[in-house]
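Survey of secondary and tertiary structure
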Protein chains: 2
Amino acid sequence: MFILPNNVTIIEVGPRDGLQNEENQVTTRDKLTFISALQKAGITEIEVTSFVSPKWVPQMADAKEIMQKVEKTGRQFVLAPNAVGADLAIEAGAKSVAVFVGVSNSFNKHNINRTTNESLQLVEPVIAKLKAQNIFVRACISTAFYCPYEGQMDQYAVLELCNRFVKLGVDELSVADTIGRANPLECYSLFKKLRERFPDVLLTAHFHDTRKMAMANIYAALQAGITRFDTSAGGLGGCPFAPGATGNVATEDVVQMFDVMGIQTGIDVKQVCEAVSTIAPHLSRSIETGMYKLYENEQL
Amino acid sequence: MFILPNNVTIIEVGPRDGLQNEENQVTTRDKLTFISALQKAGITEIEVTSFVSPKWVPQMADAKEIMQKVEKTGRQFVLAPNAVGADLAIEAGAKSVAVFVGVSNSFNKHNINRTTNESLQLVEPVIAKLKAQNIFVRACISTAFYCPYEGQMDQYAVLELCNRFVKLGVDELSVADTIGRANPLECYSLFKKLRERFPDVLLTAHFHDTRKMAMANIYAALQAGITRFDTSAGGLGGCPFAPGATGNVATEDVVQMFDVMGIQTGIDVKQVCEAVSTIAPHLSRSIETGMYKLYENEQL
């Protein structure tokens, strides 16, 4: 009924999206150990850090050192929230940079005190500069389904925002259910439209597991033709606007599901769990993912 | 692409399947409060207890009292593992009885020291007696996908076992991924075959969430035409053969997913969480479901 792909790509967001809201300050050494173990597990695309102001996100204050010391294999994404961050990323030798805009006006207002349109205007010259240096640009579209302030987003607003990014020449669109509220029907519907409208851009689905629909959403997005998925080892992360929320969908659970469906990821689940075990002792939260629990109980 | 149903039925298994492996002895009064709260939430079919030997499952020693005192609204299932249990269930006035057989020989051997065929021979006269009294018989098919001892099960063995139950006149087949290892493709494939082959029997999918695929499996089973799902409030339960495993897929998470997909269940998610809050303080484990965490954080 559906033609599913033979291969998918996992983009690991744990070291950046996963750690940015972590209360405990994780040392640079521990982060590098974590990233290195994830690379060893076969993960080729990783969000490694963010050139955000250390005043706002102290956890990412070591961005420059992370970029210097991380092993340059595959793609290392760094987040650049604005022009200053992009300049720092370029200086640090980043070859792949992520930029963010939310679909929701209220969400952007709360985050950076700008409307969606103003946020886009802010990011336009950043993208131009990055592309002029032949840097891979990943555009992260947050609140693509629901906004914590405005509720359900309009699909056409998402398509229009994506269209503007595509026209700016971005290489990848990562479309996110930021607060973990989208359902499989909505995911199928939006990703099918995105896939058809933007056949030439890398299209990635980013799910949070707040309401435990992330795995079903991945399956639905897969049916819609999506072959790239953002995931976070250990399920690290979470939205600051949803205190009870769990984090991103877990790399080890997603990779396992693809494994048993016969879809190749090139990633070893047990080694992902080993990577998680290096970071787990340094975190303020416990790891509740399916595969990590089996790993801890020596059932892997 | 798929025609999804307007309504589905949730069969709550928490008070039986969920509690049977609970270490703390839960009082009869607390169980009745839990069941009553679940009924108030709109759940019409509930596994309330099991007429199993109290020597083996002390938690279910109060089966008779539960059956006497539980409110008789909708369907109250009791489990009868054998002829003795069935007689006790009949005596207690049960109108709906569940019987169990695993697909896997090894699994049945470990559980009741009988092969699958011997187990079926044991249950045949039980079903005949129940049907003679016009009792609704639910046949629970365990290890329908994977066995902890034998690995993957043959689909034709499942179909054949189901066929024998249907010939014995059972009203419902509840087909289970007992150890939480099946993936969405396997679920779609098996449930589509079952739906086509047994159009006249109630067909129910029963998933455990060990590897976090249960929600995706429910979505896949829904696409295969399944409209009945076993779930457990609070995600209670778990397989004794998989110590690290979490339990059954959670009623509140499943109901929420159906709600937002526009599929009616007749069940109120918040009231399910309230029911869970009545039992939670009496359990040895914490509740980790998506909706219950939101409920605890007053985000519902």
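Residues numbered from 1 in each chain as written. Chains lettered and ligands numbered in written order. Predicted model: local features only at pLDDT ≥ 70, side-chain atom pairs only at ≥ 80, totals over all residues. Heavy atoms only, no water.

What to know about the overall build of chain A
Stated formally: Counting from the N terminus, the helices are DSSP H or I runs at least four residues long and the strands are E runs at least two residues long. The globule rule is 2.2 Å times the number of residues to the power 0.38, and the radius of gyration it is compared with is taken over C-alpha atoms. Note on exposure labels: buried denotes an accessible area under 20% of the residue type's maximum, exposed denotes more than 50%, and partly exposed covers the range between, all computed with a 1.4 Å probe on protein chains only. Per-residue and other accessible areas were derived by the Shrake-Rupley procedure at a 1.4 Å probe size, with only the shown protein chains allowed to occlude residues. We score Asp and Glu as negative and Lys and Arg as positive, and we do not count His or the chain ends. To locate a charge, take atom NZ for lysine, CZ for arginine, CG for aspartate or CD for glutamate.
When helices and strands are counted, chain A shows 12 helices and 10 strands. For a compact globule of 300 residues, the expected C-alpha radius of gyration is about 19 Å, and chain A comes in at 18 Å, within 12% of that figure. Overall, the C-alpha framework of chain A stretches about 50 × 50 × 35 Å when taken along its three principal axes. Within chain A, the proportion of its 300 residues that are buried is 60%. Total accessible area on chain A stands at roughly 11,400 Å², and carbon and sulfur atoms take up 48% of it. Positive and negative side-chain charges in chain A, numbering 28 and 33 respectively, have mean positions lying 5 Å apart.

A look at the interface of chain A and chain B
Convention followed: Note on contacts: a residue pair is in contact if any heavy atoms of the two residues lie within 4.5 Å. Put simply, buried area is the surface a 1.4 Å probe can reach on two separate parts but cannot reach once they are joined, added for both. What makes a salt bridge here is a side-chain nitrogen of Lys or Arg within 4 Å of a carboxyl oxygen of Asp or Glu, nothing more. Here a polar contact means two N or O atoms within 3.5 Å. Within protein one must be a hydrogen donor candidate and the other an acceptor candidate, and residues neighboring in sequence count only if both atoms are side-chain atoms. Each residue is assigned to one of three groups, with Ala, Val, Leu, Ile, Met, Phe, Trp, Tyr, Cys and Pro labelled nonpolar, Asp, Glu, Lys and Arg labelled charged, and all others, Gly among them, labelled polar.
Contacts between the two partners involve 33 residues from chain A, matched on the other side by 34 residues from chain B. Carbon and sulfur atoms make up 67% of the surface buried where chain A meets chain B, a total of about 3,000 Å² over both sides. Remark: the boundary between chain A and chain B carries 0 salt bridges. There are 3 residue pairs in polar contact (both at pLDDT 80 or more) connecting chain A and chain B. Looking at the side of chain A that touches chain B, the elements that each hand over two or more residues are helix H8 (184-197), helix H9 (214-223), helix H10 (251-260) and helix H12 (290-296) of chain A. It is H9(A) that provides the largest number of residues to the side of chain A that touches chain B, a total of 5 residues. Looking at side-chain class alone, the side of chain A that touches chain B contains 18 nonpolar, 10 polar and 5 charged residues.

A look at the environment of Gly42(A)
Residues and elements named next belong to chain A. If you trace the backbone, Gly42 turns up in the loop between helix H2 (28-40) and strand E2 (45-50). With 124 residues separating them in the primary sequence, Gly42 and Val166 have C-alpha atoms 29 Å apart. The residues contacting Gly42, other than those within four sequence positions of it, are Gly266 and Ile267.

Things to note about the packing of aromatic side chains
To describe a pair of aromatic rings, one takes the distance between the centres and the angle between the planes. Selection criterion: Here a Phe, Tyr or Trp ring, Trp counted by its six-membered ring, pairs with any other such ring whose centre lies within 6.5 Å, and the pair is stacked when the planes are under 30 degrees apart, edge-to-face when over 60, and tilted otherwise. Geometrically, a lysine NZ or arginine CZ counts as sitting over a ring once it is within 6 Å of the ring centre and also within 35 degrees of the ring normal.
Taken as a whole, this structure holds 10 aromatic pairs over all chains when the rule is applied. Ring geometry for Phe191(B) and Phe207(B): centres 6.0 Å apart, planes at 80°, overall edge-to-face. Of this pair, Phe191(B) sits in helix H8 (residues 184-197) while Phe207(B) sits in strand E9 (residues 202-207), and the two are 16 residues apart along the sequence. Across the pair, exposure class does not vary: Phe191(B) and Phe207(B) are buried alike. An aromatic cluster of at least three residues, connected via ring pairs, comprises Phe145(A), Phe191(A) and Phe207(A). Positioned over the ring face of Phe77(A) is Arg138(A), at 5.1 Å from the centre of the ring.

Regarding the relation of the copies chain A and chain B
Here is the rule we go by: The superposition of copies rests on a least-squares fit of C-alpha positions from residues with pLDDT of 70 or more in both.
The transformation that overlays chain A on chain B combines an axial shift of 0.0 Å with a rotation of 180°, and the residual RMSD is 0.0 Å. Read as a symmetry element, the transformation amounts to a two-fold axis. Measuring from the rotation axis to each C-alpha of chain A, the shortest distance belongs to Ala216(A), at 1.9 Å. Mapped onto chain B, 100% of the interface residues of chain A again fall at the interface, so both copies present the same surface.

Regarding the sheet that holds strand E5 (residues 136-142) of chain B
Quick reminder of the rule: In this description, strands pair whenever DSSP reports at least two bridges between them. The axes are straight lines fitted to the C-alpha atoms, using for helices just the contacting stretch, and the angles between their N-to-C directions are given from 0 to 180°.
Read around the barrel, 8 strands follow the order E1-E2-E3-E4-E5-E8-E9-E10 (chain B) and close on themselves; strand pairing throughout is parallel. If you compare each strand with its neighbour and ignore which way they point, the axes differ by 25° on average.

A look at empty space enclosed by the protein
If a probe the size of a water molecule is rolled over the atoms, the empty space left behind becomes visible. In plain terms, the rule: A pocket, in this scheme, is an open set of points on a 1 Å grid over the protein atoms alone with protein on both sides within 12 Å along at least 5 of 7 lines, while a cavity is a set where a 1.4 Å probe fits but cannot get out; residues line either one if an atom lies within 4 Å of a point. Grid points are joined across faces, edges and corners, and a volume is the space filled by probe spheres set on the points.
Tallying each qualifying case throughout the model produces 1 cavity of 30 Å³ or more. Here the largest cavity defines a volume of roughly 60 Å³. Taken together, Asp209(A), Lys212(A), Met215(A), Asp209(B), Lys212(B) and Met215(B) make up the lining of the largest cavity. Residues that form the lining of the largest cavity fall into these classes: 2 nonpolar, no polar and 4 charged.

Overview of helix H6 (residues 116-132) of chain B
Residue and element names in this part refer to chain B. The condition that has to hold: A helix is expected to span 1.5 Å for every residue after the first. To get the bend at a given residue, fit one axis to the seven residues ending there, fit another to the seven starting there, and take the angle between those axes.
With 17 residues, H6 ought to run about 24 Å at 1.5 Å a step, and its terminal C-alpha atoms sit 24 Å apart, in line with that. At Val123, H6 shows its strongest bend, of approximately 25°, with the proline Pro125 following within four residues. All of the buried residues in H6 are Thr116, Ser119, Leu120, Val123, Val126, Ile127 and Leu130. In the stretch just after H6, Asn134 is the one whose phi turns positive, near 60°.

A short note on the pattern of salt bridges
Side-chain pairs of opposite charge can arise where the charged atoms are in close proximity. For the coordinates displayed, the defined rule picks out 31 salt bridges over all chains. For Arg138(A), the salt bridge identified is with Asp230(A), shortest N-O distance 2.7 Å. You can see Arg138(A) sitting in strand E5 (residues 136-142) and its partner Asp230(A) sitting in strand E10 (residues 228-231), a full 92 residues away along the chain. Across this residue pair, the class does not change: Arg138(A) and Asp230(A) are buried. The partner of Glu45(B) in a salt bridge is Arg75(B), and the shortest N-O contact between them spans 3.0 Å. Taken as a pair, Glu45(B) in strand E2 (residues 45-50) and Arg75(B) in strand E3 (residues 75-79) lie far apart in primary sequence, 30 residues in all. Through salt bridges that share partners, Arg16(B), Asp17(B), Glu45(B), Glu47(B), Arg75(B), Arg138(B), Glu172(B), Arg228(B) and Asp230(B) make up one connected network.

Examining the packing of H8(A) against H9(A)
Residues and elements named next belong to chain A. Note the following rule: Convention used here: angles under 35 degrees read as roughly parallel, angles over 145 as roughly antiparallel, angles from 65 to 115 as roughly perpendicular, and any remaining angle as oblique. Note: crossing handedness is left-handed where the near helix turns anticlockwise from the far helix by less than a right angle, and right-handed where it turns clockwise.
It is at 8 Å that the axes of H8 and H9 come closest, and there the two elements cross at 30°. Judged by the angle between their axes, H8 and H9 are roughly parallel. The way H8 lies across H9 gives a crossing that is right-handed. Facing Pro184, Cys187, Tyr188 and Phe191 of H8, the residues of H9 in contact are Ala216, Asn217, Ala220, Ala221 and Gln223.

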